[in-house]
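# Structure at a glance
So you can see what is in the structure, the chains are spelled out below.
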Amino acid sequence: MRNITKILLAMAVFVTSVTVVAQGTVSGVILDSEINTPLPGASIIEKGTTNGTTSDFNGNFRLNTQNSTGELEITYVGYATQTIAFSGDQDLGSISMESTEFGLQEILVTASVAVDRKTPVAVSTIKSADIDLKLGTQEFPEVLKSTPGVYATKSGGGFGDGRINLRGFTSENVAVMINGIPVNDMENGRVFWSNWAGLGDVTSSMQVQRGLGASKVAVPSVGGTINIITKTTDVIAGGNVYATLGNDGYQKYGITYSTGLMDSGFAATVSAAKTDGNGYVDGTEFNAVSYFINVSKEFNDEHKLSFTAFGAKQRHGQRQNRHLIETFRQSERGRKYNGDWGYKNGQVTYIEDNFYHKPQLSLNHYWDLDDKTTLSTAAYASFGSGGGGGTVGSDRSKFNFDNDEYRIGTLGPLNFDKIIEENEANGANGATTALRASRNDHNWYGVLSTLKTDLSDELVLLGGLDFRNYTGVHFREVTDLLGGQYLSDDSNVNNPLATAQVGDKIAYFNDGIVGWLGLFGQLEYSKDKLAAFVSLSASNTSYKRKDYFNYLDSDPLQETDRYNFFGYLGKAGANYNIDINHNVFANIGYFEKAADFDAVFPRFNNEEINDDAENQKIFSAELGYGYRSDKLSANVNVYRTAWRDRTETLGFQQPGGERAFANILGVNAVHQGVEVDFVYRATEFLDFTGMVSLGDWRWENDVTDVNILDEEQNVVDTVNLFIKDLPVGDAAQTTFALGANYKFTNETRLSIDYNYFDNLYADFDPSNRGTQGAPDAWKVPAYGIFDAAFKHGFEFGEFDAILTARMNNIFDTEYIADALDGTGSNAQTALVYYGFGRTFSVGAKLKF
């Protein structure tokens, strides 16, 4: 009896203590105030205690409070902290979080940002906190390497020389947009990431929309769209200073300050950083100064104006030339070997380098015409200046990596002093070799305007204008005569006996002028569980060329006519939320993309013009499934993209002596595959992330017995391309990623990631596959690498401080990241770039 009494007494004490500890249960859902989407991972803390939880993938939370009444403090990176009172058991319902970035919502309209469980596209989003944690000394595109369908490498290893492929397509066929503004080169479609050094410092979020994407603008998104949203102006006054140190002399120092939103409606943010280092690869020293300015003014409830300017002035040595695997093995420097640099008078001097400054300026006006209609307009300009270094002269073999006579040791750096001695001895005869820069300056102006109106509670209509005008200025200039008195150059018919000095133009000088006018419209439907859209756009691309060297100033051929090419796009999609956990989506589209500038002027002159260059034709379809619960968020996508009539031309002589071009049709490829990605919240503190991407990218068919006829119907050539079922090269078709993220506290986090890459075939040009029975391109050995990052936040006096450490390729794995196919398609003849070994960085940030 006495034992039973003790047991009952113990149970009563336990129940009482539990009642004291858990005084109530408070629940709610955390949402973005503007677009009403869940904010997973928001921190909910019972004020005055360490008791807390985080929101799940649907934004829901449930917290057993220690007190019967009190306050909850809710925080989420990039949003203003909220404090909400509670009493007993209570459902707080929807809690809307306001962004701390003034004007961000207006940019999201222009930028076509996809919304989870609503926009029917395959999408992955990386927030600024993850970019800060994972970037380190990596190239900016490498932050996306754990994203399905992405293959990102450092390419030659120079600062900013990284590249990214999406679903097997190179950057020419991947649209890159910053705040909704296209930044792909207007002449060739490429993206040069070195132009955007420092972009990681000012990125609010980066979204990869695979496939057709959500962009309303007619952009070349064959593989997908990379949508980068920069920071705007912080609502709250403050800023930070930071410093980062890394391997091989990496140093970065930066500062940011925001005025906050003043009572007058004015706000400004200024950021600047300086980055220097020696580079992991030999001869790739770099320096860059980056900057960001945003000034915003809210005039009234209807009008808001925002001016943004950002850019980076940078210079870095390059490893332009790939080498045989055997060459790297023979070099004492191994995978760090680079033959594109040397010493001049004891100083590092580059055979190949890159220098560029490309400020991007935009003025955004946001106008609420009424409670249902808004007009967002961005007028922008970009002024690029710079280019890439190289060699020029009659005896450029002196610069060859294997010319031991001019190298310091076997496969060593170039002995510039020996070349200088020879040029000096040549005296009045001028230099036989010199250094030059191939300049690609440009002036780019554009206007992008989007009208959005709510036709009803369910229907939204968007339409707009996309205008661009671009002039690319291309020339070579002498940068170093290497001891010579001058360099002879007869390229300019207006000055055929030129004796060029440093700074003089040589070889070529021409302008590429590109015009673009696009119109777009999109109808969106959203009601209950269903969201759908239909989108149409059309564009006219015009090309014109001016040549100042090949034609006399008096020759009317110095300037061509404009040649116009019409392109269009139609796409549609729908998302259906089966319930709170499950959703499915589908999209389908077709578009025709105008040929690029070089396809119209393939011989780089103003007479041999391919004015009938064929449009490239793209059909894409995709199915997707999503799952969301309190523990698991997962997506599965199946896609197929058919790329028809890849640009292929052949030049030939007409009977009258004139040159002509034939557009070879039928060079087709199919990119299809399956993508899976997930985040699993094992506990309140531990998350697992992962993805699998299985691609099947192949050239679809042979192009055989295509007769090329002249104007008199005579056969002048026969084309045969044997490419059927050859795997597309240059990107890993199979990728796998697994990561673990552990939160020790809200301010302390450890992240470990593993990435695996397989079915990577060496790059090759299908135009060169004219022999039947040729093997597949060389298959690069599969490889996997581990990365880790650690962040710790703490109070430092009156300031908040953050320490960050990152290590990439922890186990120093040796692997080949890029390859160019060689004769016989094997490891012995492929030209390659090795990936980086172990690298690291440590950084500190002080917020004020």
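Thresholds applied
- Residues numbered from 1 in each chain as written.
- Predicted model: local features only at pLDDT ≥ 70, side-chain atom pairs only at ≥ 80, totals over all residues.
- Heavy atoms only, no water.
- Helix = DSSP H or I, 4+ residues; strand = E, 2+ residues; numbered from the N terminus.
- Rg over C-alpha atoms; globule rule 2.2 N^0.38 Å.
- Buried < 20%, exposed > 50% of the residue type's maximum accessible area, 1.4 Å probe, protein only.
- Contact = heavy atoms within 4.5 Å.
- Areas by Shrake-Rupley, 256 points an atom, 1.4 Å probe, with all protein chains shown as cover.
- Lys, Arg positive; Asp, Glu negative; His and termini not counted.
- Charge placed at Lys NZ, Arg CZ, Asp CG, Glu CD.
- Core = buried A, V, L, I, M, F, W, Y, C linked by side-chain atoms within 4.5 Å.
- Patch = residues over 30% accessible without salt bridge, like charges linked within 9 Å, V, L, I, M, F, W, Y side chains within 5 Å.
- Salt bridge = Lys/Arg side-chain N within 4 Å of Asp/Glu carboxyl O.
- Pairing = 2+ DSSP bridges.
- Axes fitted to C-alpha atoms, helices over the stretch in contact; angles between N-to-C directions.
- Arc of directions from axis to C-beta.
- Polar contact = N/O pair within 3.5 Å; in protein donor to acceptor, adjacent residues only side chain to side chain.
- Phe/Tyr/Trp six-rings, centres within 6.5 Å; stacked < 30°, edge-to-face > 60°.
- pLDDT = per-residue confidence, 0-100.

## Re the overall build of the protein chain
Per the secondary structure count, the protein chain includes 6 helices and 52 strands. A compact globule built from 848 residues would reach a C-alpha radius of gyration of about 29 Å, and the protein chain, at 29 Å, matches this within 12%. Viewed in the frame of its principal axes, the protein chain has a C-alpha envelope of about 115 × 60 × 60 Å. Taking all 848 residues of the protein chain together, the buried fraction comes to 54%. The contacts in the protein chain between residues at least 6 apart in sequence include a share of 67% that link residues at least 24 apart. Put simply, the protein chain shows about 35800 Å² of open surface, and 53% of that area lies on carbon and sulfur atoms. Computed over 69 positive and 106 negative side-chain charges, the inter-centroid distance for the protein chain is 5 Å.

## What to know about the nonpolar core
Core analysis: the largest hydrophobic core is formed by 68 residues, its most contacted members being Ile228, Trp699, Trp778 and Val832. Counting residues in each nonpolar core, the second largest holds 18 residues, with Tyr380, Tyr470, Ala599 and Ile609 among its members.

## Looking at the side chain of Thr839
Among the structural elements, Thr839 can be located in strand β52 (residues 839-847). With near-sequence residues (within four places) excluded, Thr839 lies in contact with Thr137, Asn247, Tyr280, Arg806, Met807 and Asn808.

## Considerations on a negative patch on the surface
On the surface, Asp301, Glu302, Asp368, Asp370 and Asp371 cluster together to form a negatively charged patch. Here Asp368 shows up in strand β26 (residues 360-368).

## Side note on the sheet that holds strand β5 (residues 69-76)
Backbone hydrogen bonds hold the strands of a sheet together, and the pairing may be parallel or antiparallel. With respect to topology, 4 strands assemble into an open sheet ordered β3-β2-β5-β6, the strand pairing being antiparallel. Looking at which strands have only one partner, the edges of the open sheet turn out to be β3 (52-54) and β6 (79-87). Strand after strand, the sheet turns through a mean of 20° between neighbouring axes, direction not considered. In terms of strand pairing, strand β2 (residues 43-46) meets β5 through 4 bridges, oriented antiparallel. Paired with Ile44 across the strands is Ile74, a residue of β5.

## Points about the pairing of strand β49 (residues 799-808)
Sheet analysis places strand β48 (residues 783-796) next to β49, joined by 10 bridges and oriented antiparallel. The residue of β49 that forms the bridge with Gly793 is Ile802. Between β48 and β49, which pair antiparallel in sequence order, lie 2 residues; one of them, Gly797, sits at a positive phi of approximately 65°. Relative to β52, β49 runs antiparallel, the two sharing 9 bridges. Bridge assignment links Asn808 to a residue of β52, and that residue is Thr839.

## Some remarks on helix α5 (residues 416-426)
Phe416, Ile419, Ile420 and Asn423 are the residues of α5 that are buried. An end-on view of α5 places all buried positions within 100° of arc, on one side of the element. α5 presents Glu421 and Ala425 as exposed residues on the side facing more than 90 degrees away from its buried surface. Those residues of α5 that are buried are in contact with β23 (341-344), β24 (347-350), β28 (414-415) and β29 (433-454). The N-capping residue of α5, defined by a side-chain oxygen 3.2 Å from the backbone nitrogen of Asp417, is Asn415. At the C-terminal side of α5, Gly427 shows a positive phi close to 55°.

## Quick notes on the environment of Leu212
Structurally, the position occupied by Leu212 is in the loop between β14 (203-210) and β15 (224-230). Judged by its relative accessible area of 4%, Leu212 falls in the buried class. Note: C-alpha distance between Leu212 and Ala572 (360 residues apart in sequence) is 9.5 Å. Leaving out residues up to four positions away in the same chain, Leu212 has contacts with Ser221, Lys571, Asn587, Ile588, Gly589, Phe591 and Ser620.

## As for unusual backbone geometry
Phi at Arg167 takes a positive value of approximately 55°, unusual for a residue other than glycine. Topologically, Arg167 is positioned in the loop between β11 (163-166) and β12 (174-178). One non-glycine residue, Leu482, lies in the positive phi region at around 50°. Tracing the backbone shows Leu482 in the loop between β30 (459-480) and β31 (487-489). On the basis of relative accessible area, Leu482 is assigned to the buried category, the value being 0%.

## Here's the deal with the environment of Ser449
Relative to the elements of secondary structure, Ser449 occurs in strand β29. Residues Ser449 and Asp687, spaced 238 residues apart in sequence, show a C-alpha to C-alpha distance of 41 Å. Beyond its immediate sequence surroundings of up to four residues, Ser449 is in contact with Leu375, Ser376, Thr377, Gly463, Gly464, Leu465 and Phe520.

## Observations regarding the pattern of salt bridges
A complete count under the given rule lists 34 salt bridges for this structure. Ionic pairing is found between Asp116 and Arg628, a salt bridge with its closest N-O pair at 2.7 Å. Note that Asp116 is positioned in the loop between α2 (104-111) and β9 (122-127) and Arg628 in strand β37 (residues 616-628), a separation of 512 residues in sequence. The class for Asp116 is partly exposed, based on a relative accessible area of 40%. The buried category is assigned to Arg628, whose relative accessible area is 5%. A salt bridge links Lys544 to Glu559; its shortest N-O distance comes to 2.4 Å. With Lys544 in strand β34 (residues 530-547) and Glu559 in the loop between β34 and β35 (563-577), this residue pair connects regions lying 15 residues apart in the sequence. The network of salt bridges with shared partners includes Arg167, Arg210, Glu622 and Glu675.

## Regarding the packing of aromatic side chains
A full pass over the atoms with the stated rule returns 30 aromatic pairs. An angle of 85° between the planes, with centres 6.2 Å apart, marks the rings of Phe328 and Tyr337 as edge-to-face. We classify Phe328 as buried; its relative accessible area is 2%. With relative accessibility at 1%, the residue Tyr337 sits in the buried group.

## A few points about the side chain of Asn668
Here Asn668 shows up in the loop between β40 (659-663) and β41 (669-681). A distance of 3.2 Å separates a polar atom in the side chain of Asn668 from a polar atom in the side chain of Asn701. Apart from the residues within four sequence positions on either side, Asn668 is in contact with Trp643, Arg644, Asp645, Trp699, Glu700 and Asn701.

## A short note on the sheet that holds strand β4 (residues 60-65)
Ordered by their spatial adjacency, 3 strands build an open sheet running β4-β1-β7, and the pairing between neighbours is mixed. Whereas interior strands pair on both sides, the edge strands pair on one side only; in this sheet they are β4 and β7 (90-97). With strand direction ignored, the average angle separating the axes of adjacent strands in the sheet is 25°. Here 6 bridges tie strand β1 (residues 24-32) to β4, and the two strands are oriented antiparallel to one another. For Ser27, the partnering residue across the bridge sits in β4 and is Arg62.

## A short note on the confidence of the model for the protein chain
Per-residue confidence for the protein chain gives a mean pLDDT of 90; residues scoring 70 or more make up 93%. The model gives residues 7-21 a pLDDT under 50, and that stretch makes 3 contacts with residues more than four places away or in other chains.

## Points about the pairing of β41
Both strand β38 (residues 632-644) and β41 contribute to a ladder of 12 bridges, which runs antiparallel. Across the sheet, residue Leu632 finds its bridge partner in β41, namely Tyr680. Bridging between β41 and strand β42 (residues 686-699) involves 13 bridges; their strand directions are antiparallel. Residue pairing for β42: Val676 is matched across the bridge by Val692.

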